There are 2 protein chains.
Amino acid sequence: MPRYRLLVEYDGTPFVGWQRQDNGDSVQAVLERAVARLCGEAVNVYAAGRTDAGVHATGQVVHVDLPKDYPADTVRNALNYHMKPKPVAVVLAEQVSDEFHARFSATGRSYLYRILNRRAPPALEQRRVWWLPMALDVEAMNEGARRLLGHHDFSTFRASECQANSPMKTLDVLTLTRVGDEIQVVTEARSFLHHQVRNMVGTLRLVGEGKWSPDDIARALAAKDRTKGGPTAPADGLYLTGVRYGAGKSDPTS
Amino acid sequence: MPRYRLLVEYDGTPFVGWQRQDNGDSVQAVLERAVARLCGEAVNVYAAGRTDAGVHATGQVVHVDLPKDYPADTVRNALNYHMKPKPVAVVLAEQVSDEFHARFSATGRSYLYRILNRRAPPALEQRRVWWLPMALDVEAMNEGARRLLGHHDFSTFRASECQANSPMKTLDVLTLTRVGDEIQVVTEARSFLHHQVRNMVGTLRLVGEGKWSPDDIARALAAKDRTKGGPTAPADGLYLTGVRYGAGKSDPTS
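Calculation notes
- Residues numbered from 1 in each chain as written.
- Chains lettered and ligands numbered in written order.
- Predicted model: local features only at pLDDT ≥ 70, side-chain atom pairs only at ≥ 80, totals over all residues.
- Heavy atoms only, no water.
- Contact = heavy atoms within 4.5 Å.
- Buried area = accessible area lost by both parts, 1.4 Å probe.
- Salt bridge = Lys/Arg side-chain N within 4 Å of Asp/Glu carboxyl O.
- Polar contact = N/O pair within 3.5 Å; in protein donor to acceptor, adjacent residues only side chain to side chain.
- Helix = DSSP H or I, 4+ residues; strand = E, 2+ residues; numbered from the N terminus.
- Nonpolar A, V, L, I, M, F, W, Y, C, P; charged D, E, K, R; others polar.
- Phe/Tyr/Trp six-rings, centres within 6.5 Å; stacked < 30°, edge-to-face > 60°.
- Buried < 20%, exposed > 50% of the residue type's maximum accessible area, 1.4 Å probe, protein only.
- Expected span 1.5 Å × (residues − 1).
- Pairing = 2+ DSSP bridges.

Draft legend 1. Summary view of the interface of chain B and chain A. Tallying the contact residues gives 26 residues for chain B and 26 residues for chain A. Taken together, the two surfaces of chain B and chain A that pack against each other cover about 1900 Å², and 54% of this comes from carbon and sulfur. When residues of chain B are sorted by the area they lose upon contact with chain A, Arg119(B), Ala123(B) and Leu124(B) head the list and together hold 32% of the total. Among the ionic pairs, Glu9(A) bridges to Arg118(B), the shortest N-O distance being 2.9 Å. Between the two partners, chain B and chain A, sit 10 residue pairs in polar contact (both at pLDDT 80 or more). Looking at the side of chain B that touches chain A, the elements with two or more residues in it are β1 (3-10), β3 (56-65), α2 (72-83) and β4 (88-96) of chain B. Looking at the side of chain B that touches chain A residue by residue, the classes come out as 14 nonpolar, 5 polar and 7 charged.

Structure, rendered in structure tokens:
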């Protein structure tokens, strides 16, 4: 059973999320159907990040064990062929050792959150960005973001349905940059709690609007209480951009 | 009747093109319906570039005469409100003199053509790029592109249904740049013939693949015969990015 590692890109809009569910199509189901067509057997695929409904990926990492030794390029091309016209693509495929596990071997995840910050709503970027038409102070948002760096109890930014054993996480990167009409939020950690990125972005927006000070972010964090955080930012603006393995840098697209 | 100039962005995918037609929804019709809702009267809008079905815009310029003197920001906000959820947005609105005409005052148009050049098909960029999975020699394509610069009879790159009086055009810019997995083609001219950009891109692809030499481009141009050019590239990859007025630079997004 040779193991393959796949770098996967998808538009999250039409999916119930990464994970197979009864109430709609998932990215996992699309990939597993394609694998079944390639090798004639039902096979499970495993992802580094179980993204929510509507969340996109440019650098999701997946592994799968195939019953036969296919050339890696054949795996990539065949899966892409069988997934058409679903908006999921295998960008790279490579054979890896049996010790590699997309989720459990991962030592870092990178996300991008895109805010469209202009008076006009998105046209070309509908369902790809969070549209915030009001003036936002990016410098203040970065000040607030710095209060979240490091090892903390992130209960304030954790969804009630989060299944992690512990709310303790180490946030390595959280920076906001204005790029044209957009504010791009880049964040990295070994792992994140459920909704952590969207809850941090939704809270930083309050700082950008001047409703909160950067210190209010530190106070909210210290409260360890979800009701003391800001609202959850929508899924549309969120992209899983890369996964790191070992001590090196994140994967290609991050 | 105060005149307003609008900078308009749209996703061309769901439209029959800029121009009002009987066989489906057009960007013009979406804008005109929104104007009618704002001012209670049927009013025509005029665009700098009458883009084809499926062609996108980040920098289309439109003018419209309104029966009343509205603040420019009200015009932008009201039109955006009434166009929801169509993927059309008025990015800027400003009042201009009666002498301004979006089409006839324009002295330059800029287009971007996006080619996704990788083995995997697009996922997030479906209907936003032309997917070409084979290896392409961008240097050779740029060599070929240079053969098209200047004042020429562009009949080889002109759609049979083109309504221009003359096939003579002056091509000011045509450059190809590799940006990650993409090849971005940027082109500028006072005006273009119908399908000229798509026909030039479809022909340069032959050079990229090594089927044509850069000199074959010069020979095709000299033939002044559409049957001597390459195929028409699809609409999906094409974006009207800016319109120039007077002697200055193109509009904001170009």
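Draft legend 2. Spatial organisation of the packing of aromatic side chains. Residues and elements named next belong to chain B. Overall, the coordinates contain 8 aromatic pairs over all chains when judged by the stated rule. The interplanar angle of 85° and the centroid separation of 6.2 Å between the aromatic rings of Tyr113 and Trp130 together place this pair among those described as edge-to-face. Here Tyr113 is found in strand β5 (residues 106-116), whereas its partner Trp130 is found in strand β6 (residues 130-131), with 17 residues between them in sequence. Judged on exposure class, the residue Tyr113 and its partner Trp130 are both buried.

Draft legend 3. Representation of the pattern of salt bridges within the structure. Tallied over the entire structure, the rule returns 42 salt bridges over all chains. Here Arg205(B) makes a salt bridge to Glu209(B), at a shortest N to O gap of 2.8 Å. Each of the salt bridges in this network shares a partner with another, and the network as a whole consists of Glu139(A), Glu143(A), Arg146(A), Arg147(A) and Asp215(A).

Draft legend 4. Representation of helix α1 (residues 27-39) of chain A in the model. Residue and element names in this part refer to chain A. Compared with the 18 Å implied by 1.5 Å per residue over 13 residues, the 19 Å span of α1 between its first and last C-alpha is a close match. Extensive coverage of α1 is indicated by the burial of 10 of its 13 residues. Along its buried surface, α1 packs onto β1 (3-10), β2 (45-47), β3 (56-65), α2 (72-83) and β4 (88-96). Of the residues trailing α1, Gly40 is marked for its positive phi of about 75°.

Draft legend 5. How the structure looks around the pairing of strand β10 (residues 238-245) of chain B. All names here are of chain B. Where burial is concerned, most of β10 is hidden: 8 out of the 8 residues are buried. Note that β5 and β10 share 7 bridges and pair antiparallel. Counterpart to Gly108 in the pairing with β10 is Arg244.

Draft legend 6. Molecular detail of the side chain of Arg128(A). In this structure, Arg128(A) sits in the loop between β5 (106-116) and β6 (130-131). On the basis of relative accessibility, which here comes to 8%, the residue Arg128(A) falls in the buried class. Beyond its immediate chain neighbours, meaning those up to four positions away, Arg128(A) contacts Asp11(A), Thr13(A), His56(A), Arg114(A), Asp236(A), Gly237(A), Tyr239(A) and Leu124(B).

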